[in-house]
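# Coordinate inspection notes
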Amino acid sequence: MENADVFLGLHDFLERMRQPSAADFVKSIKSFIVSFSNNAPDPERDSAAVQSFLANMEAAFRAHPLWAGCSEEELDSAGEGLEKYVMTKLFTRVFASIPDDVKTDEQLSEKIALVQQFVRPENLDIKASFQNETSWLLAQKELQKINMYKAPRDKLVCILNCCKVINNLLLNASIALNENPPGADEFLPVLIYVTIKANPPQLHSNLLYIQRYRRQSRLVGEAAYFFTNMLSAESFISNIDAQALSMEESEFERNMESAQALLSGLSADMDGLSNQNDESEGQISVEQLIQSKHQGVNSTKEKEHLTPVRSSESKSVTKVTFAKDQEPITKVPSLSELENKGATMLLKEEKASQVFQEYPYLFAQVGDLTISDVEDLLNNYKQLVFKYVCLSKGLGSAASSLPSSVLPSQVQLQVETMKAPEEHKRVELNDESEKDTSETNDSSNQVLNSNEEKVESQLPEDEEKVEQGGKNDETSK
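In what follows, the accompanying structure is described. The model shown is predicted, which means the values in this text are computed figures rather than measured ones. (Residues numbered from 1 in each chain as written. Predicted model: local features only at pLDDT ≥ 70, side-chain atom pairs only at ≥ 80, totals over all residues. Heavy atoms only, no water.)

Counting its secondary structure elements, the chain contains 19 helices and zero strands. A buried classification covers 42% of the 477 residues belonging to the chain. About 26,200 Å² of surface is accessible on the chain, with carbon and sulfur atoms providing 51% of the total. (Helix = DSSP H or I, 4+ residues; strand = E, 2+ residues; numbered from the N terminus. Buried < 20%, exposed > 50% of the residue type's maximum accessible area, 1.4 Å probe, protein only. Areas by Shrake-Rupley, 256 points an atom, 1.4 Å probe, with all protein chains shown as cover.)

Moving on, we get to unusual backbone geometry. Glycine aside, residues mostly have negative phi, and peptide bonds are mostly found in the trans state. Its identity is not glycine, yet Asn199 carries a phi of approximately 45 degrees, on the positive side. Among the structural elements, Asn199 can be located in the loop between α8 (184-198) and α9 (203-213). By relative accessible area, which is 17% here, Asn199 ends up buried. A positive phi angle, close to 50 degrees, is found at Gln202, a residue other than glycine. When its relative accessible area of 32% is taken as the criterion, Gln202 is described as partly exposed.

On the surface, a cluster of negative charge is made up of Asp241, Glu248, Glu249, Glu251, Glu253 and Glu257. Of note, Asp241 is situated in the loop between α10 (221-238) and α11 (249-275). Among the residues examined, Asp241 registers a relative accessible area of 33% and is labelled partly exposed. (Patch = residues over 30% accessible without salt bridge, like charges linked within 9 Å, V, L, I, M, F, W, Y side chains within 5 Å. Salt bridge = Lys/Arg side-chain N within 4 Å of Asp/Glu carboxyl O. Lys, Arg positive; Asp, Glu negative; His and termini not counted. Charge placed at Lys NZ, Arg CZ, Asp CG, Glu CD.)

Bringing the pattern of salt bridges into the picture now. Counting across every chain of the model gives 17 salt bridges. Among the salt bridges present, the one from Arg153 reaches Asp154, with a minimum N-O distance of 4.0 Å. Among the charged side chains, a network of salt bridges with common partners joins Glu58, Asp76, Glu80, Glu83, Arg214, Arg215 and Arg218.

For the rest of this paragraph, the subject is the environment of Leu160. With respect to the helices and strands, Leu160 occurs in helix α7 (residues 152-176). Measuring from C-alpha to C-alpha, the distance between Leu160 and Leu143 comes to 8.8 Å, with 17 residues separating the pair along the chain. For Leu160, the contacting residues outside a window of four places in its chain are Ala223 and Phe226. (Contact = heavy atoms within 4.5 Å.)

Another aspect to go through is the environment of Asn168. With respect to the helices and strands, the residue Asn168 is situated in helix α7. Sequence-wise, Asn168 and Pro182 are 14 residues apart; in three dimensions their C-alpha atoms are separated by 9.8 Å.

What follows is about the nonpolar core. Judged by nonpolar contacts, the single largest core of 50 residues is most densely connected at Ile159, Ile166, Leu191, Ile196 and Leu245. When residues of this core are traced back to their parent elements, those giving at least two are α5 (99-115), α6 (133-143), α7, α8, α9, α10 and α11. Take this core: its biggest share by element is 10 residues, from α7. With residues up to four places along the chain from it excluded, the contact list for Ile166 reads Ala139, Phe187, Val190, Leu191 and Val194. With 31 residues, the next largest nonpolar core counts Phe25, Met87, Val94 and Phe95 among its residues. (Core = buried A, V, L, I, M, F, W, Y, C linked by side-chain atoms within 4.5 Å.)

This part takes up the packing of aromatic side chains. Scanning the model with the defined rule gives 15 aromatic pairs in all. Seen from their ring centres, Phe95 and Tyr209 are 5.6 Å apart, and the 80 degrees between their planes marks the pair as edge-to-face. Pair noted here: Phe95 is in the loop between α4 (72-94) and α5 and Tyr209 is in helix α9, with a separation of 114 residues, a long-range link. The class for Phe95 is buried, based on a relative accessible area of 10%. (Phe/Tyr/Trp six-rings, centres within 6.5 Å; stacked < 30°, edge-to-face > 60°.)

A separate point is α9. A large share of α9 lies buried, amounting to 10 of its 11 residues. All of the buried residues along α9 are Leu203, His204, Ser205, Asn206, Leu207, Leu208, Tyr209, Ile210, Arg212 and Tyr213. Where α9 is buried, its residues touch α3 (43-63), α4, α5, α7, α8 and α10.

This part is about the side chain of Gln51. Checked against the element boundaries, Gln51 lands in helix α3. A polar atom in the side chain of Gln51 sits 3.3 Å from the backbone nitrogen of Gln216. Leaving out residues up to four positions away in the same chain, Gln51 has contacts with Arg212, Tyr213, Arg214, Arg215 and Gln216. (Polar contact = N/O pair within 3.5 Å; in protein donor to acceptor, adjacent residues only side chain to side chain.)

Glancing now at the packing of α3 against α4. One way to put it is that α3 packs onto α4 with a least axis distance of 10 Å and a crossing angle of 145 degrees. Pair α3 / α4 crosses with right-handed handedness. Contacts between α3 and α4 involve Arg45, Asp46, Val50, Phe53, Leu54, Met57, Glu58, Phe61 and Arg62 on the former and, on the latter, Glu72, Leu75, Ala78, Gly79, Leu82, Glu83, Val86, Met87, Leu90 and Arg93. (Axes fitted to C-alpha atoms, helices over the stretch in contact; angles between N-to-C directions. Left-handed = near helix turned anticlockwise from the far one by under 90°.)

Here's what the structure looks like:
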């Protein structure tokens, strides 16, 4: 079902629930939520109860005058709306509610964090012609959205979008090489690699949640195929070893130990940086050390080395390293320094106007824009924000929003000319699947939230506690 259809279905479902004739439906839904919430967690029993309730309610919809004369698509949309409403309310009760699931999530996440430090496409027998790590970033980004949503379908959509990005990339590569369309043997290794690199939060619990509470009659076809592949990817990663990565046992153990040491060191470094303000006055921060070194170099250029730092100070100095080459950073310019440098260079440019030719909207007025320009502007904005945040993170700076004093085109220019990490060089964020998912899910969730309040106005006040526990806050902005 298309996202737009689901959005309209959710809206239609909630509007119908406001009708006086839907009072029995509202009462049944709220009664089920309350009684369900009062029971102790039991995944198998809970799953069976939800599946049975959804099936019975959808059958009642078909026989009710509110849906008289409706098409199969409209009835299906009503079922989607019911599932989203109920599972949003029950989310905190059923998601990761078993200690074993929580423990498995932690173990899986820790293992992925280690393996992703050294795994390469070649370790999973991904052909060189199918390797496209830059474009795979988009698939990773889709998968990392999974915890932003509460409804089973919304979580499943994140997986489907990730898989579709991978499938399209493989298909395009095979067409370019005049080869047969890729099958599961080509698709699954890439999905495993993307999942390792993405390390989505609570992957195990999210997959179990979809498996248990997504309406079984809708988990079919393409959705079932891609979801099954994701389950296979999780199983592979959980049992990953030297043989699975085509490595010698000694090499695998050595890589795991190195990754463990690296992550432990980075964790200690971050803890040290966050606590430096609370430590003794004899200690200095990394930023202060870099600044003092920079000033010393400018004032004493004839000296080959800086004066060594006192031992009492050197103990408090934290070295920040890259995950790949582990070389210490000796000078990290701030965002403001980069912005000032870029502005100065731009002012000295003889043909500065030519620099902005690729930004056609920079000098446009409101009246110059048309409806068809909105999509292009939105894609440009997404690229700008993503690159700016990547740059900020790479420099260790906070980037909650773009500085209002900096022209968007100026930031875009500076970001594109910087040396970003290899994984972030050419990320394309204007993929249609991302646009459809993020925009439609956001809008549908806003409608759901606003209309839920209207529906709940018909409900007894003693159920308010359950309502607050399940309030849907899945909209991402």
